[in-house]
Amino acid sequence: MPSLPIRLGVNVDHVATLRNARGGLLPDPVRAALLAIEAGADGITAHLREDRRHIRDSDMARLKREISKPLNFEMAVTDEMVGIALATKPHAVCLVPERRMELTTEGGLDVVGQQATLAPAIAKFNDAGIRASLFISPDPAQIEMAARLKAPVIEIHTGTWCDALAERSSRADAEWLRVVEGAKLAHSLGLEVHAGHGLDYATAETIAALPQIMELNIGHFLMGEALFVGLPQSIGTMRAAMARGRAKAGQA
Ligand code: PXP
């Protein structure tokens with residue numbers, strides 16, 4: 001398949017983590033979002049958790065008001081969060097697990113087990129014109145159910161693959177194969193495919209070579225690198241890694 005450009009969504013949660021470690025207002029996640037966009041981010045992702053451990057309601061409202069690129073509102077599927085997201089009207093929502101019972105064994109959302117909760121939420125976002133994405137592990141049963149529930153997008157949870165690589169585990173190749181096959185299956189079912197969690201320069205370059213992947217959402221690594229080189233440089237280096245990976249997509 002011809003490969004389309006790949007987008008970078010920058011997750012600013014951990015700027016808020018640092019702010020909240022002291023209380024007060026600094027560092028400001030909205031300032032980070034504005035700088036990330038200037039440095040080449042295609043969108044901004046933020047997760048309003050039920051416990052508000054990093055992003056606060058006021059951060060999400062300010063992000064929506066102040067950024068010029070799409071806002072991806074990550075959230076658990078609760079009545080409270082669905083209500084806040086519908087009122088905020090972000091470009092997109094990404095539905096993620098926050099409690100153990102909502103998790104599959106690999107750590108993504110258990111779409112099969114949670115279909116009764118997910119179906120009405122997806123329908124509400126579809127009706128409101130807000131693109132809903134399901135954060136799932138690359139498990140064929142979960143991917144098939146995402147398509148059946150009419151989610152337009154899935155985000156493949158790359159954490160298990162990235163952890164296996166970091167630990168130099170013998171599972172790494174098999175985990176990568178699951179990502180590759182999951183992306184192909186999801187694309188064949190008409191789903192738009194994103195990926196995220198635990199990505200760094202090397203893994204982002206590798207996964208950008210999969211032509212089905214349209215967007216990467218990356219936070220922790222970029223913010224950690226930014227401590228040493230600054231956010232514009234960490235984002236610039238990430239964009240370059242993704243571009244190198246994407247250039248290989250046509251060669252596969
Ligand atoms: N995508 C989703 C759905 C997430 O919940 C997160 C944060 O855990 C990320 C991407 C970004 O992960 P990381 O901060 O490890 O880059």
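Look up a bit, the structure's there.
Residues numbered from 1 in each chain as written. Predicted model: local features only at pLDDT ≥ 70, side-chain atom pairs only at ≥ 80, totals over all residues. Heavy atoms only, no water.

Undergrad: I keep staring at the side chain of R246 and nothing clicks. Help me out?
TA: The residue R246 is located in helix 11 (residues 231-247) in this model. As a buried residue without a salt bridge, R246 has its nearest oppositely charged side chain in E192, at a separation of 9.4 Å. Reaching out from R246, the side chain makes a polar contact with the backbone oxygen of L4 at a distance of 2.8 Å. (Helix = DSSP H or I, 4+ residues; strand = E, 2+ residues; numbered from the N terminus. Buried < 20%, exposed > 50% of the residue type's maximum accessible area, 1.4 Å probe, protein only. Lys, Arg positive; Asp, Glu negative; His and termini not counted. Salt bridge = Lys/Arg side-chain N within 4 Å of Asp/Glu carboxyl O. Polar contact = N/O pair within 3.5 Å; in protein donor to acceptor, adjacent residues only side chain to side chain.)

Undergrad: For this particular structure, what's the right way to read the pattern of salt bridges?
TA: Pairing between side chains becomes possible if they bear opposite charge and their charged atoms approach one another. Scanning the model with the defined rule gives 19 salt bridges in all. Here E205 makes a salt bridge to R244, at a shortest N to O gap of 3.0 Å. On the criterion of sequence distance, the pair formed by E205 in helix 9 (residues 201-208) and R244 in helix 11 is long-range, its members being 39 residues apart. A single salt-bridge network, built from bridges that share partners, covers R7, R131, E192 and E215.

Undergrad: Even after reading the chapter, I still don't get the sheet that holds strand 5 (residues 131-136), so can you show me in this structure?
TA: The strands making up a sheet are joined through hydrogen bonds of the backbone, oriented either antiparallel or parallel. Spatial strand order, 1-2-3-4-5-6-7-8: eight strands in a closed barrel with parallel pairing. Sheet twist, expressed as the mean angle between neighbouring strand axes with direction ignored, is 25°. One ladder, built from four bridges, connects strand 7 (residues 192-196) with strand 8 (residues 213-218); its direction is parallel. Across the sheet, G196 pairs through a bridge with N217, a residue of strand 8. Packing of helix 5 (residues 115-128) onto the sheet brings it into contact with strand 3 (71-75), strand 4 (92-95) and strand 5, and relative to strand 4 it is tilted by some 170°. (Pairing = 2+ DSSP bridges. Axes fitted to C-alpha atoms, helices over the stretch in contact; angles between N-to-C directions. Contact = heavy atoms within 4.5 Å.)

Undergrad: I'm lost on the site of the ligand in this one. Help?
TA: Lining the immediate environment of the ligand, one finds N11, E74, C94, V96, F135, E155, H197, G198, N217, I218, G219 and H220. Here a nitrogen atom of the ligand sits 2.4 Å away from a polar atom, N or O, in the side chain of E155. Backbone polar atom of H220 to an oxygen atom of the ligand: 2.8 Å apart, as the coordinates give it. Within the complex, the protein chains bury 88% of what would otherwise be the 390 Å² of accessible surface of the ligand. Grouping the amino acids of the shell around the ligand by side-chain chemistry returns four nonpolar, six polar and two charged. (Near = heavy atom within 4 Å. Areas by Shrake-Rupley, 256 points an atom, 1.4 Å probe, with all protein chains shown as cover. Nonpolar A, V, L, I, M, F, W, Y, C, P; charged D, E, K, R; others polar.)

Keep in mind these numbers describe shape, not what the thing actually does.
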